[in-house]
Amino acid sequence: MEETERYDAIVIGAGQAGVPLSRALAEAGWKTALVEREHVGGTCINEGCTPTKTMVASARVAYLARRAADYGVHAGLVTVDMGRVRERKRNIVQSWRSGNRRRIEGTEGLDLLMGEARFTGPHSVEVNLNSGEIRHLTADKIFINAGTRPRTPSVPGLDRVPFLNSTSIMELDVVPEHLLVLGGGYVGLEFGQMFRRFGSQVTIVQRRGQLLTREDADVAEEVAKILREDGVEVLLDTHAQSVAQAAEGGVQLTVRTLDGERTLPGSHLLAAVGRVPNTERLNLSAAGLHTDKRGFIAVNERLETGLPGIYALGDVKGGPAFTHISYDDFRIIRTNLLEGGDATINGRPVPYTVFIDPQLGRIGLSERQARAQGLDIRVAKMPMNSVARALEVDESRGFMKAIVDADSDQILGAAVLGIEGGEIMAVLQVAMMGRVPYTTLRDAVFAHPTLAESLNNLFMTLDK
């Protein structure tokens, strides 16, 4: 009978919650095991934020280089070396990944086990190490930070053709001739615009009537307009019917549009239709844990599952799938278990930025959400071509929009689709956190000429 090793805590998954949590527990004197199947750092460092935003930066340089003449600069023919783009991405990922691993391995009382974990009981875990060894662990506290992976859509024929997902597309060493993108969400748009700027012909297929379905219609329409200006074909209300290998290579995607059936030829196909949780191999039933119909682990406001001592953090619990939310999950656990606090996820802000160009920064309620709640609101809206700084740098696409409570003058939410939209959004978030009324930003003295200064004019639109 194999020996069972006793720990104070087991953390499953070395993501953006699991890594800082395991180190914090160990530094507090808890004997801790951190189990990771593949790479430390989770989706963010290895397949998400870090590599994608690195490649977005390369694509933006190509875009600006082609626009050089607009600024009176003649740069000549612009070409993209995808091998070098990939190398730069890999180097930055490796730097972050190795840095995380060094900090983990340098933490006393923390054991990093590279392998796959599965429950064998309510507080026991079997780890199949990548070396082939099997370890049996037990702990009173177990934290699940197993993350998610790209979802494969149910399209007839997809299993018989090569296709890309948000991870594999970043390993291309050539620029696709024609990239077909299934999905008009955040991931599909970032990659679609990125590869258009690298030089690909790009077609985005979205089954809904607008892109970015969580956003207000005017925001989604402006995003579609920007993408089309960049040369991206955007097909709305379009359903993928089947996909097949083309005789001359590449793929043929058959879609149904409002005008009838259409066949789209492409050299590459990207499936960007959401993500699914990594729960099916955890053997959760052995612990008495259950998931919802999509496979996510249900938790309460303190991130506790239905089983005492078992917690779920990050994307695997469902809800907003952002790195900063995962990290805040860690802070909630640290506050409650190590600092004697009573932190919850209730009422926490969920800011995010979509790294298309220009960026879309979002915080709080959208106009649609506010009206659905029956709130008495006022909407401040201003095009970016009214922003001095945006005009000076010739980046004036998009608009700023803020939702204000009509009685209290408090800012309830905002969408900033414009140059550095995420940074401007953060200013509005700070105002919301401090319960600063919109009038304070309207009358504030900001440095000129900055993007933040535009908040004066944005909120002055409410005076008209």
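Residues numbered from 1 in each chain as written. Predicted model: local features only at pLDDT ≥ 70, side-chain atom pairs only at ≥ 80, totals over all residues. Heavy atoms only, no water.

### Here we look at the overall build of the protein
Helix and strand content of the protein: 12 helices and 20 strands. Computed over its C-alpha atoms, the radius of gyration of the protein comes to 24 Å, within 12% of the 23 Å expected for a compact globule of 464 residues. Dimensions of the protein along its principal axes, counting C-alpha atoms only, are 75 × 65 × 45 Å. Looking at the 464 residues of the protein, the share that counts as buried comes to 50%. Sequence-distant contacts, at least 24 apart, represent 63% of the contacts inside the protein between residues at least 6 apart. Taken as a whole, the protein presents about 21,000 Å² of accessible surface, with 48% of it coming from carbon and sulfur. In the protein, 52 side chains carry a positive charge and 58 a negative one; their mean positions are 1 Å apart. (Helix = DSSP H or I, 4+ residues; strand = E, 2+ residues; numbered from the N terminus. Rg over C-alpha atoms; globule rule 2.2 N^0.38 Å. Buried < 20%, exposed > 50% of the residue type's maximum accessible area, 1.4 Å probe, protein only. Contact = heavy atoms within 4.5 Å. Areas by Shrake-Rupley, 256 points an atom, 1.4 Å probe, with all protein chains shown as cover. Lys, Arg positive; Asp, Glu negative; His and termini not counted. Charge placed at Lys NZ, Arg CZ, Asp CG, Glu CD.)

### Digging into the pattern of salt bridges
Considering all chains together, one arrives at 39 salt bridges under this definition. Across the salt bridge formed by E105 and R101, the nearest N and O atoms sit 2.9 Å from each other. Of this pair, E105 and R101 both sit in helix α4 (residues 82-105), 4 residues apart, which is roughly one turn of that helix. Classification of R101 by relative accessible area gives partly exposed; the value is 34%. (Salt bridge = Lys/Arg side-chain N within 4 Å of Asp/Glu carboxyl O.)

### Comments concerning the packing of aromatic side chains
Counted by the stated rule, this structure contains 6 aromatic pairs. Relative to Y352, the ring of Y186 lies with its centre 5.7 Å away and its plane at 50°, an arrangement referred to as tilted. Of this pair, Y186 sits in helix α5 (residues 186-198) while Y352 sits in strand β16 (residues 352-354); the two residues are 166 residues apart in sequence, bridging distant segments of the chain. Exposure remark for Y352: the relative accessible area of 10% places this residue in the buried category. Centroid distance Y438 to F459: 5.6 Å. Interplanar angle 40°. Geometry classified as tilted. Of the two residues, Y438 sits in helix α11 (residues 438-443) while F459 sits in helix α12 (residues 454-460), which places them 21 residues apart along the sequence. (Phe/Tyr/Trp six-rings, centres within 6.5 Å; stacked < 30°, edge-to-face > 60°.)

### Digging into the sheet that holds strand β9 (residues 233-235)
Pairing within the open sheet is parallel, and its 4 strands lie in the order β9-β8-β7-β13. Each of the sheet's edge strands pairs with one partner strand only, and the pair in question is β9 and β13 (268-271). On average, each strand axis in the sheet is tilted by 15° relative to the strand beside it, whichever way the strands run. Contacts from α5 reach β7 (178-182), β8 (201-205) and β13, with the element oriented near 165° to β8. (Pairing = 2+ DSSP bridges. Axes fitted to C-alpha atoms, helices over the stretch in contact; angles between N-to-C directions.)

### Observations concerning the environment of Q16
Mapped onto the elements of the fold, Q16 is located in the loop between β1 (4-12) and α1 (18-27). You can call Q16 partly exposed: its relative accessible area is 21%. As a C-alpha pair, Q16 and D328 span 312 residues in sequence and 9.2 Å in three-dimensional space. Not counting residues up to four positions away in its chain, the partners in contact with Q16 are G41, C44, I45, N145, T323, S326 and Y327.

### What about the nonpolar core?
Core analysis: the biggest nonpolar cluster contains 38 residues, and I169, F195, L211 and V223 have the highest contact counts within it. Within the residue set of this core, elements represented by two or more residues are α3 (49-66), α4, β7, α5, β8, α6 (217-229), β16 and β20 (411-418). If we ignore the near neighbours within four places in the chain, the residues touching L211 are G184, L189, I204, Q206, A220, V223, A224, L227, V234 and L236. (Core = buried A, V, L, I, M, F, W, Y, C linked by side-chain atoms within 4.5 Å.)

### Some remarks on the pairing of strand β12 (residues 260-266)
Two strands pair when backbone bridges link them, and strand β11 (residues 251-257) and β12 are joined in this way by 7 bridges, in the antiparallel orientation. Paired with T254 across the two strands is T263, which belongs to β12. In this antiparallel pair of consecutive strands, β11 and β12, the connection spans 2 residues.

### Here's the deal with the sheet that holds β12
Strand order in this open sheet of 3 strands is β10-β11-β12, and the pairing throughout is antiparallel. Looking at which strands have only one partner, the edges of the open sheet turn out to be β10 (239-245) and β12. Averaged over all pairs of adjacent strands, the angle between their axes in this sheet comes to 20°, without regard to strand direction. Of the pairings in the sheet, the one linking β10 to β11 comprises 6 bridges and is antiparallel in character.

### A look at the state of the cysteines
If you walk through the whole model with that rule in mind, you get 0 disulfides. C44 forms no disulfide, and the closest cysteine sulfur to it belongs to C49, at a distance of 3.3 Å. (Disulfide = S-S within 2.5 Å.)

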